[in-house]
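# Geometric and topological summary
Next come the chains, spelled out residue by residue.
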Amino acid sequence: MMKRLIKTTLTFLSVYYAYMVEYRAELILWVLAGSLPIILMGVWIQAAQGGQFGLTPVDFARYFLAVFLVRQFTVVWVIWEVEREVVEGKLSNRLLQPIDPVWHHVAAHVSERAARIPFAILLVGLFFILYPQAFWIPSLGTLLLFSFVVILAFILRFVIQHTFSIFSFWTERASAIENFWFLFFLFLSGMIAPLEVFPEPVRTVVLLTPFPYLINFPASILVGIPVNLTQGLLSMIGWIVLFLGLNRWLWRQGLKRYSGMGA
Amino acid sequence: MPIIEAQNLSKVYPVAVKEPGIAGTITHFFRRTYRQIKAVQDVSFEIAAGEVVGFLGPNGAGKTTTLKMLTGLIHPSSGLVKVAGHVPFRRQEAFLQKITLVMGQKQQLIWDLPAIDSLKINAAVYNISDREFRKRVGELSEMLSLEGKLNQPVRKLSLGERMKAEILAALLHRPLVLFLDEPTLGLDVNAQVGVRDFLREYNQRYQATVLLTSHYMADITALCQRVLLIHQGKLMYDGSLDGLLEKFAPYREVHVELTQPLSKQRLMFYGDVQKLDGRMVCFMVQQEELTRTVSRILADLDVIDLKVTEPPVEEVIGRVFQAGVVSS
């Protein structure tokens with residue numbers, strides 16, 4: 001059983017890795033497309049020269065670099081894939097295989113990370129050459145913790161988006177939900193500005209949503225901005241469990257609907 | 001014991017209807033009206049293990065819906081289905097291991113990778129060992145004449161090769177029951193023959209049961225001992241292909257070459273003139289009238305050549321569907 005699981009996992013990952021490598025040119029573009037944080041970094045460094053934010057320009061530089069990295073590791077596009085499968089009826093074939101179709105998407109996402117990392121690292125190197133004042137090496141402990149939290153952030157992001165994607169069974173354009181959600185994600189996740197600069201009451205409320213754990217929390221850990229680790233980790237796990245439950249329930253309802261409409 | 005059993009199978013599903021024009025669109029936006037479509041009505045049949053059965057019917061007759069109920073993709077509105085001892089809709093692993101569905105217009109191979117990579121995924125999904133995998137791929141690619149093609153990206157394959165690769169992928173787990181929906185759609189004649197030959201060989205080698213739909217009658221005549229005819233969701237005929245012709249086309253075509261052209265009015269006297277091209281005439285004659293008509297033609301007219309043929313199957317079926325006259 002275990003052996004079969006390992007074999008299946010390795011096969012899926014190796015094939016989907018090959019698939020992603022086919023798109024290496026596009027991958028570079030996708031990596032670059034994720035450089036919004038770098039642009040925002042410039043804006044914030046300028047703004048921080050005044051010194052009224054509690055973070056120095058170098059802090060901002062590191063924070064946004066960390067945001068860039070977190071984004072690279074947690075990009076999820078499963079909703080567009082599921083939507084296409086449902087609308088084009090390709091899901092039918094997948095449903096006739098003795099494996100949950102979601103594993104194809106998980107494997108594709110994980111493999112894509114492996115194909116993307118070299119470009120992301122290259123970009124980080126380039127950044128330090130251009131802005132050597134910001135250079136720092138986090139401790140091994142920090143790195144390990146960061147890796148763990150990034151994995152959780154990816155899982156959370158994936159589970160949330162996959163949950164939205166199940167609405168494809170009811171509407172032809174489930175990705176509209178993601179687009180709407182993304183607006184909140186943009187402002188509340190810490191992508192546009194670190195949570196540090198939010199007014200205290202706003203920050204308290206935002207910490208009750210899943211958004212800051214997707215970017216601000218892991219990024220802060222990497223650059224050493226103080227965070228409430230226990231509360232953060234528990235929130236992440238809580239949100240994952242919540243969305244996973246919702247996901248499985250919706251999936252069953254969705255399949256009923258899918259078959260009811262003629263598959 | 002039959003391997004496929006369908007009893008009073010029905011499927012009704014809602015389809016959104018939209019009135020034309022802006023007003024219709026606005027109404028559609030706020031309040032969708034649905035019409036219940038009876039895709040399949042009260043269909044019953046049994047198929048024995050090892051049989052190859054053709055599933056005939058015009059577009060929208062309910063063939064695909066029936067196949068989807070048999071594979072477990074959709075739940076019947078009423079009636080019973082059993083395939084290989086399982087209730088399909090539960091989609092248990094033991095059931096999924098025994099069946100496959102090939103849809104001519106839908107592909108499962110990963111477009112940008114060689115087919116062999118997609119096959120590896122399937123091998124993992126169906127728990128096929130590496131040794132068995134190599135053996136089966138070798139065997140099937142030989143039967144399908146796909147040797148050497150599996151290492152090319154799928155997008156570089158011709159339509160025929162791609163379809164064959166799809167079939168290979170769908171059969172890697174060596175299913176007992178094959179559901180094929182238009183497996184030769186869009187293929188050229190050679191490729192069609194290739195797929196047909198393969199299906200025949202697969203059926204014989206593994207005693208697999210095959211249920212296939214096709215628009216190409218040649219697929220059906222070449223492969224199926226038995227046909228199911230479905231029209232507007234109802235099963236109209238279940239039996240041999242010859243029996244179908246006898247039942248729905250109790251007439252023959254009489255081709256006559258005359259020494260000189262004659263008018264249609266004159267010829268109509270002998271039978272239904274289907275085609276008149278100079279000295280060549282084609283009559284459609286009721287079977288029971290055949291001998292009498294032929295002897296009269298030979299007696300009355302100056303005939304160079306005369307030939308009696310069965311009408312082409314496509315025509316018969318087309319006529320059946322067009323007239324909707326079928327009453328079983």
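Each value, and the rule that gives it
- Residues numbered from 1 in each chain as written.
- Chains lettered and ligands numbered in written order.
- Predicted model: local features only at pLDDT ≥ 70, side-chain atom pairs only at ≥ 80, totals over all residues.
- Axes fitted to C-alpha atoms, helices over the stretch in contact; angles between N-to-C directions.
- Helix = DSSP H or I, 4+ residues; strand = E, 2+ residues; numbered from the N terminus.
- Parallel < 35°, antiparallel > 145°, perpendicular 65-115°, else oblique.
- Left-handed = near helix turned anticlockwise from the far one by under 90°.
- Contact = placed C-beta atoms within 7 Å.
- Nonpolar A, V, L, I, M, F, W, Y, C, P; charged D, E, K, R; others polar.
- Pairing = 2+ DSSP bridges.
- Buried ≥ 20, exposed ≤ 12 C-beta atoms within 10 Å, placed from the backbone.
- UniProt positions renumbered as here; feature names shortened; annotations may be inferred.
- Domains from an automatic or database assignment.
- Right-handed = clockwise from strand over helix to strand, strands pointing away.

### Re the packing of helix α2 (residues 24–33) of chain A against helix α7 (residues 102–130) of chain A
All names here are of chain A.
- For the pair α2 and α7, the least separation of the axes is 10 Å and the interaxial angle reads 50°. Judged on the interaxial angle alone, α7 and α2 are oblique. Regarding α2 and α7, the two cross each other, and that crossing is right-handed. Across the interface between the two elements, Arg24, Leu27, Ile28 and Val31 of α2 pack against Ala115, Arg116, Phe119, Ala120 and Leu123 of α7.
- Per-class residue counts for the contact of α2 with α7 are seven nonpolar, no polar and two charged.

### Considerations on the sheet that holds strand β13 (residues 303–309) of chain B
Residue and element names in this part refer to chain B.
- On the basis of which strands lie adjacent, the open sheet formed by four strands has the order β11-β12-β10-β13 and antiparallel pairing. The outermost strands of the open sheet, each flanked by one partner alone, are β11 (272–277) and β13. The average undirected angle you get between the axes of adjacent strands in this sheet is 20°.
- Here β11 runs beside strand β12 (residues 280–286); their pairing, made up of five bridges, is antiparallel. Directly across from Leu276, in β12, lies its bridge partner Val281.
- Across the face of the sheet, helix α11 (residues 290–300) comes into contact with β10 (251–258), β12 and β13 while running at roughly 170° to β13.

### A look at the interface of chain B and chain A
- The partner chain A presents 23 residues to the 24 residues of chain B that form the contact.
- If you list the elements that add at least two residues to the side of chain B that touches chain A, you get α2 (63–71), α3 (93–96) and α4 (115–125) of chain B.
- The element best represented in the side of chain B that touches chain A is α4 of chain B, accounting for five residues.
- Broken down by class, the residue content of the side of chain B that touches chain A amounts to 12 nonpolar, six polar and six charged.

### Quick notes on the sheet that holds strand β3 (residues 52–56) of chain B
All names here are of chain B.
- The six strands are arranged β5-β6-β7-β3-β8-β9 in an open sheet whose pairing can be described as mixed. The outermost strands of the open sheet, each flanked by one partner alone, are β5 (99–103) and β9 (234–240). Put simply, the sheet's adjacent strands are angled 15° from each other on average, direction ignored.
- Examined bridge by bridge, β3 and strand β7 (residues 209–213) share four bridges and lie parallel to one another. The residue of β7 that forms the bridge with Gly54 is Leu212.
- The strands touched by α2 within the sheet are β3, β5, β6 (177–181), β7 and β8 (226–231), with β6 carrying the most contacts at an inclination of about 155°.

### Some points on α2 of chain B
- Across the nine residues that make up α2 of chain B, a large majority, nine, are buried.
- Residues of α2 of chain B that are buried: Lys63, Thr64, Thr65, Thr66, Leu67, Lys68, Met69, Leu70 and Thr71 of chain B.

### With respect to the UniProt feature "domain: ABC transporter" (unreviewed entry) in chain B
- UniProt annotation of "domain: ABC transporter" (unreviewed entry) refers to residues 4–257 of chain B when read in the numbering used here.
- Helix makes up 37% of residues 4–257 of chain B and strand 30%, whereas the separation of the span's terminal C-alpha atoms amounts to 50 Å.

### Observations concerning the domain arrangement of chain B
- Structurally, chain B comprises domain 1 (2–246) and domain 2 (251–309).
- When each unit is reduced to the centre of its C-alpha atoms, the spacing between domain 1 of chain B and domain 2 of chain B is 43 Å.

### Some details on the environment of Pro226 of chain A
- Locating Pro226 of chain A in the fold gives a position in the loop between α12 (216–223) and α13 (229–260).
- Put simply, Pro226 of chain A and Glu196 of chain A are 30 residues apart on the chain and 9.6 Å apart in space, counted from C-alpha to C-alpha.

### Focus on the environment of Thr309 of chain B
Residue and element names in this part refer to chain B.
- Its place among the elements puts Thr309 in strand β13.
- Taking the C-alpha atoms as reference, Thr309 lies 5.9 Å from Arg252; in sequence the two are 57 residues apart.
- Leaving out residues up to four positions away in the same chain, Thr309 has contacts with Arg252, Glu253 and His255.

### Details of the pairing of β7 of chain B
Residues and elements named next belong to chain B.
- The buried count for β7 comes to five of five residues, which makes it a mostly enclosed element.
- Residues of β7 alternate between two faces, with Thr209, Leu211 and Thr213 on one and Val210 and Leu212 on the opposite face, all of them buried.
- Pairing between β6 and β7: five bridges, direction parallel. In the strand pairing of β7, Leu178 is matched with Val210.
- In this view, the connection linking β6 to its parallel neighbour β7 by way of helix α7 (residues 189–206) has right-handed handedness.

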